[in-house]
There are 2 protein chains.
Amino acid sequence: MKDVAERAGVSESAVSFALNGRPGVSESTRERVRSVAEELGWRPSTAARALSGEGAATVGLVLARPARTLGVEPFFLQLVSGVQQVLAERRLGLLFQVVEDVAAECAMYEHWWAEHRVDGVLLVDPRAEDPRPDVLASLGLPGVVVGGTESRQGLSSVWIDDAGAMASVAEYLHALGHQRITHVAGLPELAHTQRRMASLRSEAERLDLPHVRSLTTDYSDAEGAAVTRRLLDEPDPPTAVVYDNDVLAAAGVAAAAERRLPVPARLSIVSWEDSVLCRMVHPWLTALARDPLALGRVAAEELTRLLDGAPARTAGVPVPRLVVRESTAHPPGG
Amino acid sequence: MKDVAERAGVSESAVSFALNGRPGVSESTRERVRSVAEELGWRPSTAARALSGEGAATVGLVLARPARTLGVEPFFLQLVSGVQQVLAERRLGLLFQVVEDVAAECAMYEHWWAEHRVDGVLLVDPRAEDPRPDVLASLGLPGVVVGGTESRQGLSSVWIDDAGAMASVAEYLHALGHQRITHVAGLPELAHTQRRMASLRSEAERLDLPHVRSLTTDYSDAEGAAVTRRLLDEPDPPTAVVYDNDVLAAAGVAAAAERRLPVPARLSIVSWEDSVLCRMVHPWLTALARDPLALGRVAAEELTRLLDGAPARTAGVPVPRLVVRESTAHPPGG
DNA sequence: TCACCGGTTGACATCGATGTCAGCCGCGGC
DNA sequence: GCCGCGGCTGACATCGATGTCAACCGGTGA
């Protein structure tokens, strides 16, 4: 900074004023200082800035998953990519951490906040009984819950209409004539799993479909295949299965193929997540398409709003759209 | 820190001495200070530490990929997970950034370094003509090239034996009786793509196989399928195809299925990357299994060595192992 | 002639740690 | 009785920015 001041022929104070857009310098000086800083490749030290109360210019994101179940879904990296499109404009960095479980995630927040490493965090995979919002609230650490429903305790939320999406899937399958529908869900403790299950139950009631149910899994291809095999061995197997993500759905297709059960002639399949995976299996999967990039962008925008001192609120992203491909049809004899 | 000093009944200097393992305090005081700090949940502000010459306690990782081709492979998140297992021990954070291209990646390094945001970086996807090592060297920013071959310009490397792995695949297919082998490779500018292609060429010469070649793609399922279709339409199609990653291989299987070409009876398929994808397609894919977690761990260890002042060097990870499943067999009539 | 103005300076405090250094206290040995 | 030493204190500088404040300079209007 001293160098910049010297080269521009002004004082250090003037440099600070000029570069932070504060009054006290003329437009011409401001411009000169700016160009000198540019030329010298000078950037303020984040450490020094953070120390003088500007915050760490960093937001945190923790992913709590055991390493082995990590990363088949394109979803996550796309989300991060969207987040960064927004953060980049503000010169905010993203501190990223993979941990084993939620307890470690909470510890991470405490450490980050105690060390002043982050100004705020994005919380993903909200759960039904979730200790994390309480932790953030008690710390006073600003946060946005990605996929949360309401904004409480000073946390913002980005709301995803799982219930509406599930209703649209149920209606679509019902319209095709399906009566026996099974929902192969993900982890039961995740909030969106419970929302989807509840929505399906109420839709089944509304449409008068008694043979509708949800089964939970750990999202792994292994459980997806195992559950599907069990379903197909039943005396009255379902005619349509809705899988909670692309991996489960692809595993389901593979299981059906093992049994030489034609999809969609004998079994319709819907994937709750559209990705290349859905176009890599045969037949191509009918899927709920959402836009993880947009979700990431909205989440990051909400977080920057919070950091700017705005009150917590709930933002929404568009309802997932059902993309009909080859894996759904009328039920046999329907 | 003041609070800790007060609660422990000692001076601030004593606290600093105690917690940084420096002489000047008795073991009993050291222990008392430690426990008070623990109790108060005190952690040193990284900003203040960084400012007084300790470094940012953060390493950087930039992923240069257009958002749409992002994240089908489990590889990347597993790598990150391995990296963090090592970084966590040292209380080092990971600053993660997704950018569009290598130019943006270089700019990122310059910014990070100018802002003192990172102490070192992990460089992934090394290229044949790669500007990035030069940038790091000119900045003096410590770095580890993940998948690099030699350590030059003060950068360490983690070496992956692509050539050896490719040779083992070629030998395996040759032993099965295959003569016409095609390698559907990834991006031509990546260093490992070139290494694999070169290795295949020399193996083909050694084994006297004239009908062997490599074709490059962008790693997308679309190109994987398109290339495979083109291959199968040739008058003398290959009897074995080696795909440079799991996505390409799965797309290849799908393309073969479209043509009703039985795998492996008429076409053998090998995937260069083992993942759940390889067990989600039918038939299950023979694949080269490497261990991204271990790769991440070794890379992070090399980086911490560099940060500790050790000279740059090249470390190695085990050669990928060929896991034989259902997608490879003798060629028709072989 | 003087007060006022915007633009600018230079000196100083602040953030929270590390590093250094003189000096203090009490205990043991010569 | 004095020296030396381990253990500890307290004051100060340092890192690189931000924030504040009194003062100064040249030009304008009253």
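In short, a report on the structure. This is a predicted model, so every value here is computed, not measured.

1. Section: the overall build of chain A
Phase 1 of the analysis: Summing up its helical and strand segments, chain A has 12 helices and 12 strands in all.
Phase 2 of the analysis: Summarising its shape, the C-alpha atoms of chain A cover approximately 85 × 35 × 35 Å along the three principal directions.
Phase 3 of the analysis: The buried share of chain A, reckoned over its 334 residues, is 56%.
Phase 4 of the analysis: Sequence-distant contacts, at least 24 apart, represent 70% of the contacts inside chain A between residues at least 6 apart.
Phase 5 of the analysis: For chain A, the accessible area works out to roughly 13,800 Å², and carbon and sulfur atoms hold 51% of it.
Phase 6 of the analysis: Across chain A, the centroid of the 34 positively charged side chains sits 3 Å from that of the 44 negatively charged ones.

2. Overview of the sheet that holds strand β12 (residues 321–323) of chain B
Residue and element names in this part refer to chain B.
Phase 1 of the analysis: The 6 strands lie next to each other as β7-β6-β8-β9-β10-β12, forming an open sheet whose pairing is mixed. Edge positions in the sheet fall to β7 (212–216) and β12, since each of these pairs with one other strand and no more. Neighbour-to-neighbour, the strand axes of this sheet turn through a mean angle of 20°, independent of strand direction.
Phase 2 of the analysis: Bridge count between strand β6 (residues 181–185) and strand β8 (residues 240–243): 4 bridges; the pairing is parallel. For Val 184, the partnering residue across the bridge sits in β8 and is Tyr 243.
Phase 3 of the analysis: Of the strands in this sheet, β6 and β7 are in contact with helix α9 (residues 191–206), which crosses β7 at around 165°.
Phase 4 of the analysis: Contacts from helix α10 (residues 221–232) reach β6, β7 and β8, with the element oriented near 145° to β7.

3. Some details on the protein's contact with DNA strand C
Phase 1 of the analysis: The environment of DNA strand C is made up of 25 residues, and the closest members are Ser 11, Ser 26, Thr 29 and Leu 51 of chain A together with Asn 20 of chain B.
Phase 2 of the analysis: When the atoms of DNA strand C within 4 Å of the protein are grouped by moiety, sugar and phosphate amount to 67% of the total.
Phase 3 of the analysis: Residue Ser 52 of chain A places a main-chain N or O atom 3.5 Å away from a base oxygen belonging to DNA strand C.
Phase 4 of the analysis: Within the contact set of DNA strand C, a phosphate oxygen lies 2.9 Å away from a side-chain nitrogen or oxygen of Asn 20 of chain B.
Phase 5 of the analysis: The set of elements that each furnish at least two residues to the surface near DNA strand C consists of α2 (12–19) and α4 (46–54) of chain A together with α2 (12–19) and α4 (46–54) of chain B.
Phase 6 of the analysis: The leading source of residues in the surface near DNA strand C is α4 of chain B, at 5 residues.
Phase 7 of the analysis: Looking at the surface near DNA strand C residue by residue, the class counts come to 10 nonpolar, 11 polar and 4 charged.

4. Section: the nonpolar core
Phase 1 of the analysis: Core analysis: the largest hydrophobic core is formed by 59 residues, its most contacted members being Phe 96 of chain A together with Phe 96 of chain B.
Phase 2 of the analysis: Ranked by size, the runner-up nonpolar core spans 56 residues in total, among them Ala 225 and Val 281 of chain A together with Val 253 and Ala 256 of chain B.

5. Observations concerning the side chain of Glu 105 of chain A
All names here are of chain A.
Phase 1 of the analysis: Mapped onto the secondary structure, Glu 105 falls in helix α6 (residues 102–114).
Phase 2 of the analysis: With relative accessibility at 1%, the residue Glu 105 sits in the buried group.
Phase 3 of the analysis: Beyond its immediate stretch of four places on either side in the chain, Glu 105 contacts Val 62, Ala 64, Val 99, Leu 123 and Arg 132.

6. Remarks on the relation of the copies chain B and chain A
Phase 1 of the analysis: When chain B is fitted to chain A, the best match, at an RMSD of 0.1 Å, comes from turning it 180° and sliding it 0.0 Å along the axis. Read as a symmetry element, the transformation amounts to a two-fold axis.
Phase 2 of the analysis: Take the interface residues of chain B: 100% of them recur as interface residues in chain A, which is what a same-surface contact looks like.

7. Section: the protein's contact with DNA strand D
Phase 1 of the analysis: Taken together, 25 residues lie near DNA strand D, and Asn 20 of chain A together with Ser 11, Ser 26, Thr 29 and Leu 51 of chain B sit nearest.
Phase 2 of the analysis: The sugar-phosphate backbone supplies 68% of the atoms of DNA strand D found within 4 Å of the protein.
Phase 3 of the analysis: One nitrogen or oxygen atom from the main chain of Met 1 of chain A is found 3.4 Å from a phosphate oxygen belonging to DNA strand D.
Phase 4 of the analysis: One nitrogen or oxygen atom from the side chain of Ser 13 of chain B is found 3.3 Å from a base nitrogen belonging to DNA strand D.
Phase 5 of the analysis: Elements that contribute at least two residues to the surface near DNA strand D include exactly α2 and α4 of chain A together with α2 and α4 of chain B.
Phase 6 of the analysis: At 5 residues, α4 of chain A tops the list of elements feeding residues into the surface near DNA strand D.
Phase 7 of the analysis: When its residues are assigned to classes, the surface near DNA strand D shows 10 nonpolar, 11 polar and 4 charged.

Scoring rules and cut-offs
Residues numbered from 1 in each chain as written. Chains lettered and ligands numbered in written order. Predicted model: local features only at pLDDT ≥ 70, side-chain atom pairs only at ≥ 80, totals over all residues. Heavy atoms only, no water. Helix = DSSP H or I, 4+ residues; strand = E, 2+ residues; numbered from the N terminus. Buried < 20%, exposed > 50% of the residue type's maximum accessible area, 1.4 Å probe, protein only. Contact = heavy atoms within 4.5 Å. Areas by Shrake-Rupley, 256 points an atom, 1.4 Å probe, with all protein chains shown as cover. Lys, Arg positive; Asp, Glu negative; His and termini not counted. Charge placed at Lys NZ, Arg CZ, Asp CG, Glu CD. Pairing = 2+ DSSP bridges. Axes fitted to C-alpha atoms, helices over the stretch in contact; angles between N-to-C directions. Near = heavy atom within 4 Å. Polar contact = N/O pair within 3.5 Å; in protein donor to acceptor, adjacent residues only side chain to side chain. Nonpolar A, V, L, I, M, F, W, Y, C, P; charged D, E, K, R; others polar. Core = buried A, V, L, I, M, F, W, Y, C linked by side-chain atoms within 4.5 Å. Least-squares fit on C-alpha atoms with pLDDT ≥ 70 in both.

Everything listed here is a matter of geometry and, on its own, says nothing about what the molecule does.
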